[in-house]
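Topology and contacts: notes
Listed here are the chains, written in short residue letters.
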Amino acid sequence: MKRILTVIGAAAGAVTLAACGTSTAAPAFPAAGGGVAPVSSATPRCTTADLAVLLGKPAEKNAASGQFDIPLTYRNTTDHTCGLYGVPGVDLVGPDDATFGPVYHLPRVDNGVKYNEVTAGTTASATITVLKPSDGSKTWTPSKLNTIPPGQTTALTADWPSDLPVLRQDAATQPGSYVNGILADPS
């Protein structure tokens, strides 16, 4: 019995090692424009301290009435290249809602680029999609946005457009408001 358990343990260890792989290098992808390139294992992730955030102008989506896309742009403010990929955390902060409170944690959609590097002074963006309340519905307008870059724990803050109320759908299974993954900016 002891021999069988030893063989099973050795086989499980081999499967675990095979699943983890032996290479530490990330796969290379073609570089996008604007100083964005593939990430290597030697390139550290961008930290919150490396970045500044800018919230762009809302644009109504053509295919979905009442839904708006807002660019969430991160600029590398350092003199070195860093990796920025994944889905940022986004919290909309506003007046206290009797049901949900003052913070709306947006769901994340992992649809950005797999890997990219942001050189000094360049940017990468995610898109925030929000659903406005319909006419006559209760409105809730955030005052600011807190965003945590992927892989970080400290937030950056930006002012929310005062003319863009958001429909709170905190408990919805398919809400109309969410944050998309980081994309490499083409410029």
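Predicted model only: the values in this text are computed from it and were never measured.

Time to look at the overall build of the protein chain. Helix and strand counts for the protein chain stand at one helix and 14 strands. Burial status across the protein chain gives 39% buried among its 187 residues. On the protein chain, roughly 10300 Å² of surface is accessible, and the fraction owed to carbon and sulfur atoms is 57%.

Applying the stated rule across the entire model yields three salt bridges. The shortest N-O distance in the salt bridge between Asp69 and Lys61 comes to 3.9 Å. The class for Lys61 is partly exposed, based on a relative accessible area of 25%. Between Arg168 and Asp170 there is a salt bridge, with its nearest N and O atoms 2.9 Å apart. Exposure remark for Arg168: the relative accessible area of 11% places this residue in the buried category. Relative accessible area serves as the criterion here: at 30%, Asp170 is assigned to the partly exposed category.

This next bit is on the sheet that holds strand β11 (residues 144-148). In spatial order, the strands read β7-β6-β11-β12; together these four strands make up an open sheet with antiparallel pairing. Across the chains shown, the open sheet's two edge strands, defined by having one partner strand only, are β7 (101-105) and β12 (156-159). On average, each strand axis in the sheet is tilted by 25° relative to the strand beside it, whichever way the strands run. Where β11 lies against β12, four bridges are found, and the strand directions are antiparallel. Within the sheet, the bridge partner assigned to Thr147 lies in β12 and is Leu156.

The next thing to look at is the environment of Leu145. Mapping Leu145 onto the fold places it in strand β11. Residue classification places Leu145 among the buried residues on the basis of a relative accessible area of 0%. Along the backbone, Leu145 and Asp159 are 14 residues apart, and their C-alpha atoms lie at a distance of 6.2 Å.

Within the largest apolar cluster, 29 residues are counted, with the highest numbers of intra-cluster contacts made by Leu92, Ile128, Val130, Leu145 and Trp160. Among the elements of the structure, β2 (51-55), β4 (67-76), β6 (89-97), β10 (123-131) and β12 are those that each provide at least two residues to this core. Apart from residues no more than four positions distant in its own chain, Leu145 is found in contact with Leu55, Leu72, Val90, Asp91, Leu92, Ile128, Leu156, Thr157, Ala158 and Trp160.

Mean pLDDT over the protein chain: 82, with 77% of residues reaching 70 or higher. This model gives residues 1-39 a pLDDT under 50, and the stretch forms 38 contacts once residues within four places in sequence are excluded.

In total, this model carries one disulfide according to the counting rule given. Put simply, Cys46 and Cys82 are joined by a disulfide, and their sulfur atoms are 2.0 Å apart. Since a negative S-S torsion denotes a left-handed disulfide, the Cys46-Cys82 link at about 85° is right-handed. Residue Cys46 is located in the loop between β1 (36-37) and β2, and its partner Cys82 is located in strand β5 (residues 82-83); the two are separated by 36 residues in the primary sequence.

What counts and what doesn't
- All residue numbers refer to position in the chain's written sequence, counted from 1.
- The predicted nature of this model means local features are confined to residues of pLDDT at least 70 and side-chain atom pairs, given and counted, to a pLDDT of 80 or more, with totals for whole chains, interfaces and linings taken over all residues.
- Note: side-chain values were computed over all heavy atoms of the structure, leaving out hydrogens and water.
- Numbering of helices and strands starts at the N terminus; helices are DSSP runs of H or I of at least 4 residues and strands are runs of E of at least 2.
- In this scheme, a residue with accessible area under 20% of its type's maximum is buried, one over 50% is exposed, and one in between is partly exposed, where area comes from a 1.4 Å probe on protein chains only.
- Here the open area of atoms and residues is found with the Shrake-Rupley method and a 1.4 Å probe, where only the protein chains shown may cover a residue.
- Basic side-chain nitrogens of Lys or Arg form a salt bridge, by our definition, when they fall within 4 Å of a carboxyl oxygen of Asp or Glu.
- Only strands joined by at least two bridges in the DSSP assignment are considered to pair.
- Angular values range over 0 to 180 degrees, each being the angle between N-to-C directions of two axes fitted as lines to C-alpha atoms, with helices fitted over their stretch in contact.
- Here, nonpolar core means buried Ala, Val, Leu, Ile, Met, Phe, Trp, Tyr and Cys residues that are tied together by side-chain atoms lying within 4.5 Å of each other.
- Only heavy atoms enter the contact rule, under which two residues are in contact if any of them lie within 4.5 Å.
- Each residue gets a pLDDT score, which is the predictor's confidence in that residue and runs from 0 to 100.
- Working definition: a disulfide is two cysteine sulfur atoms within 2.5 Å of each other.

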